[in-house]
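Descriptive analysis of the structure
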Amino acid sequence: MKKTIYIATVIILFVIIWSCETDITVDLPTPQKKLVVEGFIESNNNPYVFLTKNSGYFDPVDSTSLYKMLILDSTTIPMLEQIGFSQTEIELFEFAEELIITVTELETSIIDTLKPSIIPYFPFFGYVASSMTGNNNNSYKLDINYNGSHYFGTTTIPEPVPIDSIWFTTDTAYADTLGTIGIRFIDPPQIGNFYAIHNMVEGEHLTFLKPYFGISIIDDRYLNGDTLKFTGITKAQDNNDFFEGEFDPEADWWAEGLFSLNSIVNIRLSTIDTEHFLFWNSWSRHLATDGNPFVNPASIMSNLHGENVLGVWGGYGTYIERVHITDSATLEILSNKH
Amino acid sequence: MKLKLFIILLLTLIGLSAFAQKYTLSGYIKDATTGEDLIGANIIIKEEHKGTTTNTYGFYSISMPKGNYIVSFSYIGYETIERKLNFNEDITLNINLKPTAYTTQEVVVSSERTDKNVQDSRMSVVKLPVDQVKTLPAFMGEVDVLKTIQLLPGIQSAGDGNSGFYVRGGGPDQNLVILDEAPVYNASHLFGFFSVFNADAIKDMEIYKGGMPAQYGGRISSVIDISMNNGNMKQFVAQGGIGTIASRLTVHGPIKKDTCSFLVSARRTYLDLLIKPFIKKDSPFKGSGYYFYDINAKFNFKFSEKDRLFLSGYYGQDIFNFSAESGTFQMRIPWGNGTGTIRWNHLVNSRFFMNTTAMFSDYKFTTDIGMNPGTEDDTDASFRFILFSGIRDYYFKQDYTWLPNPQHTVKFGAGYTFHHFTPNSLKAEFGESEIDFTKGKKLLAHEAYLYIGDDYIINDYITLYGGLRGASFFQVGPFTRYIKSDDMLFTIDSISYGNGELVADYYSLEPRASIKVSLGGKSSLKASFMQNKQFIHLASLSASTLPTDLWVPSTDVVKPQMGRQYAIGYFRNFKDNLYETSVEFYYKELYNLIEYMDGALPGDELNDNSDNYFVFGNGNSYGAEFFVKKRTGRLTGWIGYTWSKTMREFNDIDGGIPFPAKYDRRHDLSLTLNYILNEKWTLATVFVYATGNTTTLPVARYMLDGEIISEYGYRNSYRMEPYHRLDLSVTYTHKKTDKYESVWNFSVYNVYNRKNPFFIYFDYTGSVDNGNFQTVAKQVSLIPVLPAITWNFKFM
């Protein structure tokens, strides 16, 4: 059916060559304020949460308004000064009267509170736990109390699956200096295993991000229990680019998404649970159908509970392979971590 | 005891009147110059105020007690014939009516029953002979019967670019469109610009918006019954037109005079040839093309006074193709219908008419995409996939009309259809290997029905119609039902059905009734009720009708749609039937409507059923339709205004909050005028105004993983700008003799270049860091002002 949508879109585009476009003003109703939660907990790492709010569709989008979307409480003021906001700018932000974020490991009842923290990568500000780290095969509950409302969600960190083999394929169009990575891993026998792929190039990225092109989540519905091969993994996309420059039609976008020789790459294969998978699946479907006038828009499935909340609380069971792409386009495995 | 006596007396009286000695006058009424049957011609026994009309085959029958009567035979546009007849035995009388000479004065008003709209018990029905349709401005020079019916109140288009039409709030799949008794699944070419019906091959159309008689069923909202011409029985005729966008040619004539005739009609657009030189070399659309063609053929054989045989067929295709400059990528998307019908009319006796029909209908939509990188060492990378969906029906039916006396016209019959659906079938070739997913995707069903109905003229004031239709539907195997997990991710079980094994069965009892009460003068009050079930449905992924929409049958998961409609109306004619006016109110309830699940993109999965992704709900629609028509004179035309509201309610959409249907249209106004200037020149105009379509727009945005996400408002909560448009046309009759006709038509569509909305989308400009990132709403409109010239010719 994706093909059908593609076909339908092409047909529509064909007609558009002899259609007209006009700018119009659209009067949209005032939106219901909603809390947006992006919270994750990975194996052996502190859980973290980004909290933002939604905004009007036509509201201006500039770096200041992005920060205005952040949910902040008054304890964050010194951090805002540290990032570089002036007093006048800080006075424009909305501060929450009540903001308490906790994560509970359900198997042990250990609770940790998430505190505001500056993060070296976009969105540069989040709430991080100081002591708790994710343990494989455990479940975690996130609780947020924000201005009198309570929100919560539960996720699990499934047992990670190791990368069985990894290789580099060069792209002949780039004289063998750029290419993609492929991995192979063995899917456990029970049905219902879901995976996500991220990568991080040392010296270029500050954290694990999704590949630039292609899919980044996989499920085992058709090849359950088999050896799953995932080829054509492209280099992660860096969101900073989006915020720093305009779309450059001259740039070679395909090349931007390829790994280069002599780089050190961390490939992360994560296992995720069903609800976490449903979130990313609906997120990519939404992006694929958004704006297409011929398909009803797909909404994003959230595993969070509470009134007027969007987003996800997801666990990742991670397996990281650190590799060096050598001159001869082979991969030298430096280490692996899980 | 007294009650029993009364009943026996009553029955005897009825029985006596029914069995009083009556003699029957019957026969066929035809056009004297062409031999075409005249549908709906009037036969009136003047002093008795009794009458009847000819049926779809031109047959009439009227029974009267012994006596002498003056009988008049008439049809609008033809000279009336009157005969004095002695009913002392059954009479067979075939009548040939002559068309009235074309004059510059007002068209001579014949003494026919011009108050038929008031006197007929049927309501919510419009009869449209094609000659009337031909006088209206033609879109791009092409007369279009489906575009014309959308000018009637209660029947709406969804604007430019949408091929469906909507009758009293019903969906586009709820209209039964039949061509010579064969159902047509996709009655429009791309984007609804042209219907599949070539007006030169069409004789007559009857449109039911409500009060559907029992012989029709299977679709809830309307019946568009289109009859083709049979072919001139007397002489050869070649007629057609050459226009700026499309051309058409119809050839018809006798194979054996007055016995056997044929008709062949063809039409093709050459949109692609015209646009090709204008597409820029570096445009992604270079190498694309689109065209469509239609062919109608009919063969008509009268092999005895009592028997006639008709063979008709239709075949049409829309073809969209695209091939990249380098030849590495090709795409070909043909879609279209084919129908074939054999009908046998048999006069059992002068009061009993029988029609037997066998037909075949095939609708296909194919997408053929091939990619060949062109490098020899990379044949592995070439692929081709053929995605196919379609529906094939085999249909057999028998219909009887029994006219025991002028008070009753009884119709009864039965029919059977075998449906073969292929909702989505895929065949793919990768390099050398081929994967065939076509098997196991088909859906088979049997549909059968019986009906009986009677038009009963109780007296000069009251006419009643009562009918009952019983229908059944059986989905049969081979079929596999895949049962999904609650999150829809996994198939947890499957049930297999063998060949012919019953998967699901549904039944329907459909009462139909209407009543007319004359209020004296030329006015009447009518009311009707109908209940229908529909066993096949159009699953539309998009908010727009596209050829990618799937026809699907009812299954173990999909129940039949059901509708109930109540209507009441007041009809009045003024100035000796010069003006026809009516006001009708309707209320319709709809059940088991189908939508796709939120975010559904079905068809990806191999082991799945597309109907696992449907959600079901109900809806209703109500409205008022006002209509004024000037029937004859130099200036003719009509104005129709509809106020209506159509809502839907689905538990799985917006949590069950009612939402308006996409085509919910509060106001709909249509005006058509035709003015005969003189012998040579005729002017015509059409003006339409409609409340804008609804759409779902984002109301807010937020960030998720660095991507901007749109948060959508309630379904269809935003209304686009209203649609309005003015068309003008001028017809110049260059020459008109017995042997040759030449008529030029100049038309302009959308005279004041109104940019009617097709859809709205959002564009982003600027960058975030520069502080000038902006979201701009843009509206796409389809058709600007469009002139067209067509030269129409006729050789006889």
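As the structure is a computational prediction, the values presented were derived from the model and not from experiment.

**Comments concerning the overall build of chain B**
- Per the secondary structure count, chain B includes 5 helices and 49 strands.
- Counting the 796 residues in chain B, one finds 59% classified as buried.
- Sequence separation of 24 or more characterises 65% of the internal contacts of chain B that already satisfy a separation of 6 or more.
- Entry remark: accessible area of chain B is about 31,900 Å², with carbon and sulfur atoms responsible for 59%.

**Some thoughts on the overall build of chain A**
- Scanning chain A from terminus to terminus reveals 7 helices and 21 strands.
- Residues classed as buried in chain A amount to 52% of the 338 residues present.
- In the form shown here, chain A has an accessible surface area of approximately 15,200 Å², with 52% of it arising from carbon and sulfur atoms.

**Some details on the environment of A:His324**
Residue and element names in this part refer to chain A.
- Along the chain, histidine 324 turns up in strand β20 (residues 309-325).
- C-alpha of histidine 324 to C-alpha of isoleucine 144: the two residues are 180 residues apart in sequence and 41 Å apart in space.
- Excluding residues that lie within four positions of it along the chain, histidine 324 makes contacts with Asn262, Ser263, Ile264, Thr330, Leu331, Glu332 and Leu334.

**Comments concerning the pattern of salt bridges**
- According to the stated counting rule, one finds 36 salt bridges over all chains in the structure shown.
- The partner of B:Asp705 in a salt bridge is A:Lys210, and the shortest N-O contact between them spans 2.1 Å. Linking B:Asp705 in the loop between β42 (698-704) and β43 (707-712) with A:Lys210 in the loop between β14 (194-201) and β15 (217-219), this pair reaches from one chain into another.
- Judged by relative accessible area, which is 27%, B:Asp705 ranks as partly exposed.
- Looking at A:Lys210, the relative accessible area reads 9%, which means it is buried.

**Points about the sheet that holds strand β13 (residues 182-183) of chain B**
All names here are of chain B.
- With mixed pairing, 5 strands are arranged side by side in an open sheet as β9-β14-β15-β12-β13. The open sheet terminates on both sides in strands that have one partner only, identified here as β9 (125-129) and β13.
- Bridging between strand β14 (residues 202-208) and strand β15 (residues 222-228) involves 6 bridges; their strand directions are antiparallel. Looking at the pairing, glutamate 206 lines up with aspartate 225 of β15.

**Remarks on a nonpolar patch on the surface**
All names here are of chain B.
- A cluster of nonpolar side chains, namely Leu635, Leu673, Tyr675, Leu677, Trp681, Leu683, Trp744, Phe746 and Ile789, defines an oily patch on the protein surface of about 710 Å² accessible area.
- At the level of elements, β39 (667-676), β40 (681-690) and β46 (740-749) are the ones that each hand at least two residues to the nonpolar patch.
- In this structure, leucine 635 sits in strand β37 (residues 635-650).
- On the accessibility criterion, leucine 635 (37% relative accessible area) is partly exposed.

**Observations concerning the side chain of B:Asp727**
All names here are of chain B.
- Checked against the element boundaries, aspartate 727 lands in strand β45 (residues 723-736).
- In this structure aspartate 727 comes out as buried when scored by relative accessible area, which is 5%.
- A distance of 2.7 Å separates a polar atom in the side chain of aspartate 727 from a polar atom in the side chain of arginine 725.
- In this structure the side chain of aspartate 727 is engaged in a polar contact, spanning 3.0 Å, whose partner is the backbone nitrogen of asparagine 750.
- Here aspartate 727 is in contact with Pro137, Ala684, Thr685, Val686, Val748, Tyr749, Asn750 and Val751, once residues within four sequence places are set aside.

**Digging into the pairing of strand β21 (residues 331-337) of chain A**
Residue and element names in this part refer to chain A.
- Bridge count for β20 against β21 is 6 bridges, and the pairing is antiparallel. Looking across to β21, one finds that isoleucine 320 is bridged to lysine 337.
- Taking the residues between adjacent antiparallel strands as the criterion, β20 and β21 are bridged by 5 residues, where alanine 329 takes a positive phi near 60°.

**Some words on the domain arrangement of chain A**
Residue and element names in this part refer to chain A.
- Looking at chain A, the domain boundaries give domain 1 (35-156) and domain 2 (165-285 + 293-299 + 317-337).
- The gap between the C-alpha centroids of domain 1 and domain 2 is 26 Å.
- Three residues, Phe40, Tyr121 and Phe122, lead the burial of domain 1 against domain 2; their summed loss comes to 39% of the area buried on that side.
- Linking domain 1 with domain 2 are 1 salt bridge, by the criterion used here.
- Residue arginine 268 is joined to glutamate 42 by a salt bridge in which the shortest nitrogen-to-oxygen separation is 3.3 Å.
- Remark: the boundary between domain 1 and domain 2 carries 4 residue pairs in polar contact (both at pLDDT 80 or more).
- The set of elements that each furnish at least two residues to the side of domain 1 that touches domain 2 consists of β2 (35-42) and β11 (149-156).

**Quick word on the nonpolar core**
- In this structure, B:Ile149, B:Phe197, B:Met205, B:Ile207 and B:Ile224 are the most contacted members of the largest nonpolar core, which totals 86 residues.
- When sequence neighbours within four positions are dropped, the list of residues in contact with B:Ile149 reads B:Leu128, B:Ile155, B:Phe165, B:Met205, B:Ile207 and B:Ile224.
- Listed in part, the 32 residues of the second largest apolar core include A:Ile71, A:Val103, A:Leu114 and A:Phe125.

**Topic: the side chain of A:Asn303**
- Summarising the element assignment, A:Asn303 is placed in the loop between α7 (274-289) and β19 (304-305).
- Within the local environment of A:Asn303, its side chain forms a polar contact with the backbone oxygen of A:Trp313, the two atoms lying 2.9 Å apart.

**Looking at α7(A)**
- The terminal C-alpha atoms of α7(A), which comprises 16 residues, lie 22 Å apart, in line with the 22 Å expected from a rise of 1.5 Å per residue.
- Residues of α7(A) that are buried include every one of A:His276, A:Phe277, A:Leu278, A:Phe279, A:Trp280, A:Asn281, A:Ser282, A:Trp283, A:Arg285, A:His286 and A:Thr289, and no others.

**As for the confidence of the model for chain B**
Residue and element names in this part refer to chain B.
- Per-residue pLDDT for chain B averages 84, and the proportion of residues at 70 or more is 86%.
- Taken as a whole, residues 13-17 scores under 50 in pLDDT and shows 1 contact with residues more than four places along the chain or in a different chain.
- Ignoring residues within four places in sequence, the model shows residues 103-113, a span with pLDDT below 50, making 17 contacts including any to other chains.
- Complex prediction metrics read pTM 0.84 and ipTM 0.86.

**What about unusual backbone geometry?**
- B:Gly477 connects to B:Pro478 through a cis peptide bond whose omega is 15°.
- Examined against the element boundaries, B:Pro478 turns out to sit in the loop between β27 (462-476) and β28 (479-484).
- Despite not being glycine, A:Asn137 shows a phi value in the positive range, around 65°.
- For B:Asn716, which is not glycine, the phi torsion reads 55° and is therefore positive.
- Accessibility expressed as a relative area gives 10% for B:Asn716, which makes it buried.

**Some points on the packing of aromatic side chains**
- Within this structure, the stated rule accounts for 51 aromatic pairs over all chains.
- For the ring pair A:Tyr57 and B:Phe762, a centre distance of 4.7 Å and an interplane angle of 65° mean the geometry is edge-to-face. Of this pair, A:Tyr57 sits in the loop between β4 (55-56) and α2 (63-68) while B:Phe762 sits in strand β47 (residues 757-765), placing the two residues on different chains.
- Classification of B:Phe762 as buried rests on a relative accessible area of 13%.
- Three or more aromatic residues joined by ring pairs form one cluster here, namely A:Phe40, A:Tyr48, A:Phe50, A:Phe279, A:Trp280, A:Trp283 and A:Tyr316.
- The ring of B:Tyr291 is capped by B:Arg268, whose NZ or CZ atom sits 4.1 Å from the centre of that ring.
- When the ring centre of B:Tyr449 is taken as reference, the NZ or CZ atom of B:Arg469 above it lies at 3.9 Å.

**Some points on the environment of B:Ala201**
All names here are of chain B.
- Along the chain, alanine 201 falls in the loop between β13 and β14.
- Taking the relative accessible area as the measure of exposure, alanine 201 reaches 0% and is therefore buried.
- As a C-alpha pair, alanine 201 and valine 730 span 529 residues in sequence and 23 Å in three-dimensional space.

Conventions and cut-offs
Residues numbered from 1 in each chain as written. Chains lettered and ligands numbered in written order. Predicted model: local features only at pLDDT ≥ 70, side-chain atom pairs only at ≥ 80, totals over all residues. Heavy atoms only, no water. Helix = DSSP H or I, 4+ residues; strand = E, 2+ residues; numbered from the N terminus. Buried < 20%, exposed > 50% of the residue type's maximum accessible area, 1.4 Å probe, protein only. Contact = heavy atoms within 4.5 Å. Areas by Shrake-Rupley, 256 points an atom, 1.4 Å probe, with all protein chains shown as cover. Salt bridge = Lys/Arg side-chain N within 4 Å of Asp/Glu carboxyl O. Pairing = 2+ DSSP bridges. Patch = residues over 30% accessible without salt bridge, like charges linked within 9 Å, V, L, I, M, F, W, Y side chains within 5 Å. Polar contact = N/O pair within 3.5 Å; in protein donor to acceptor, adjacent residues only side chain to side chain. Domains from an automatic or database assignment. Buried area = accessible area lost by both parts, 1.4 Å probe. Core = buried A, V, L, I, M, F, W, Y, C linked by side-chain atoms within 4.5 Å. Expected span 1.5 Å × (residues − 1). pLDDT = per-residue confidence, 0-100. Phe/Tyr/Trp six-rings, centres within 6.5 Å; stacked < 30°, edge-to-face > 60°. Lys NZ or Arg CZ within 6 Å of the ring centre and 35° of its normal.

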